[in-house]
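# Descriptive analysis of the structure
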Amino acid sequence: MSADPTATNRLRIVEIQEVIVESPIVKTFFFHDKLCGKAKPGQFVMTWVPGVDEVPMSLSTIRPSGLSSITVAEVGEATKALHQRKPGDPLGIRGPYGNGFTLTSGNVVIVGGGTGLTPLLPLVEKLVGFSAKVTFLLGAKTKDELLFLERIETSLSKSNLKVFTTTEDGSYGLKGLVTVLAEQILEKERFHMIYACGPEQMMHKVFLLAKRHNTPVQVSLERIMHCAIGLCGGCMIDKFRACKDGPVFSTEQLREIKNEFGRFKRDFSGRKTGL
Ligand SMILES: Cc1cc2nc3c(=O)[nH]c(=O)nc-3n(C[C@H](O)[C@H](O)[C@H](O)COP(=O)(O)OP(=O)(O)OC[C@H]3O[C@@H](n4cnc5c(N)ncnc54)[C@H](O)[C@@H]3O)c2cc1C
């Protein structure tokens, strides 16, 4: 990625260029960074909020020019502090880290739920450029929480992309869970790859559907991450370190972690707890 192999691990201070309010609790922060501009979809940055914490965030924009973004849901202390940042404010980042998604040409389906859509946005943009035929299923609880619809539909005119939406309350698109739609689509059409990111129970369901239809799958898993370079062990899922061996896991890897995937996570002290 870089002539200097340690460059990725160095903390860089970037300036926030633009902030977009995506939903009542989600904001996108744009910045420029050369290394992030070379990232793979599905890779993440450790985002430093001085005096508060350093937290992992997937890249939601990856451009060769270096234009990059993270899309952040306000859920706790660090993300609340991040949400108060404005254009011109500094942001600390290191990375990009993790393996990222493996691109596939052919017929692919992408299943995303809630803020899980974040790493899927640069993925769909890359796949479209990779001449894949893409079916994108976006799910959220309500219309307000449905992310990136406009940006996805802008790619629609240029490409071989079909977009379907579901909301749990029926306020936009089909009413129900995105996995129900995935099930219906997989019954009708054969895909070369399924990509998924969202709540882990949703991804587990997608994994079971993929197994039933004998289709390979890649899912992006979230675990508590501290070092992000595979040293601290805080993000272990069975034998894998989610930060380095993941966060994207293939069918073969998911089979190896079937006793933990969809069932257990680790708390801040590393103790295994139910999901
Ligand atoms: C690879 C990866 C990519 C992610 N991408 C995104 C993204 O694009 N957008 C987004 O909104 N969120 C993303 N997350 C989740 C995000 O890191 C957490 O929501 C954030 O760390 C919460 O911090 P907090 O201090 O606001 O919340 P806290 O109050 O500290 O915690 C709330 C919950 O967030 C999770 N969390 C807290 N600290 C960490 C940590 N160091 N690592 C992982 N999870 C943590 C825990 O489940 C915790 O229960 C990602 C997580 C991972 C592992």
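Anything mentioned here points back to the structure above.
These lines cover the structure that appears in this document, whether it is placed above or below. (Residues numbered from 1 in each chain as written. Predicted model: local features only at pLDDT ≥ 70, side-chain atom pairs only at ≥ 80, totals over all residues. Heavy atoms only, no water.)

The subject of this paragraph is the nonpolar core. Counting 34 residues, the largest nonpolar core has Val-111, Leu-221 and Leu-254 as the members making the most contacts within it. Every element with two or more residues in this core is listed here: strand S4 (44–49), strand S8 (106–113), helix H5 (178–188), strand S12 (193–197), helix H6 (200–212) and strand S13 (217–220). With 6 residues, the single largest contributor to this core is H6. Of all hydrophobic cores here, the second largest spans 26 residues; its members include Val-124, Val-134, Ala-140 and Val-248. (Core = buried A, V, L, I, M, F, W, Y, C linked by side-chain atoms within 4.5 Å. Buried < 20%, exposed > 50% of the residue type's maximum accessible area, 1.4 Å probe, protein only. Helix = DSSP H or I, 4+ residues; strand = E, 2+ residues; numbered from the N terminus.)

Let us now look at the side chain of Thr-165. With respect to the helices and strands, the residue Thr-165 is situated in strand S10 (residues 161–167). Look past the residues within four positions of Thr-165 in its chain and what remains in contact with it is Leu-138, Leu-146, Leu-149, Tyr-172, Gly-173 and Leu-174. (Contact = heavy atoms within 4.5 Å.)

On to the site of the ligand, then. Lining the immediate environment of the ligand, one finds 19 residues, of which Pro-56, Thr-71, Ala-73, Thr-79 and Met-225 sit closest. Residue Pro-56 places a main-chain N or O atom 2.7 Å away from an oxygen atom belonging to the ligand. Between the ligand and Thr-79 there is a distance of 2.5 Å, counted from an oxygen atom to a side-chain nitrogen or oxygen. Among the elements of the structure, strand S5 (53–62), strand S6 (67–73) and helix H2 (77–83) are those that each provide at least two residues to the shell around the ligand. Residue composition of the shell around the ligand, grouped by class: 11 nonpolar, 5 polar and 3 charged. (Near = heavy atom within 4 Å. Polar contact = N/O pair within 3.5 Å; in protein donor to acceptor, adjacent residues only side chain to side chain. Nonpolar A, V, L, I, M, F, W, Y, C, P; charged D, E, K, R; others polar.)

Applying the stated criterion across every chain yields a total of 4 aromatic pairs. Its guanidinium or amino end placed over the ring of Phe-264, Lys-272 lies 4.9 Å from that ring's centre, counting from NZ or CZ. (Phe/Tyr/Trp six-rings, centres within 6.5 Å; stacked < 30°, edge-to-face > 60°. Lys NZ or Arg CZ within 6 Å of the ring centre and 35° of its normal.)

Before going further, it helps to spend a moment on the environment of Pro-87. By secondary structure assignment, the location of Pro-87 is in the loop between H2 and strand S7 (90–97). In this structure Pro-87 touches Ile-16, Gln-17, Glu-18 and Val-19, once residues within four positions along its chain are discounted.

Okay, the pattern of salt bridges next. Tallied over the entire structure, the rule returns 15 salt bridges. Note that Lys-239 and Glu-256 form a salt bridge whose closest N and O atoms lie 2.4 Å from each other. Placement of the pair is Lys-239 in the loop between strand S14 (236–237) and strand S15 (240–241) and Glu-256 in helix H7 (residues 251–256), with a sequence separation of 17 residues. Taken together, the salt bridges that share partners define one network made up of Glu-183, Glu-187, Lys-205 and Arg-212. (Salt bridge = Lys/Arg side-chain N within 4 Å of Asp/Glu carboxyl O.)

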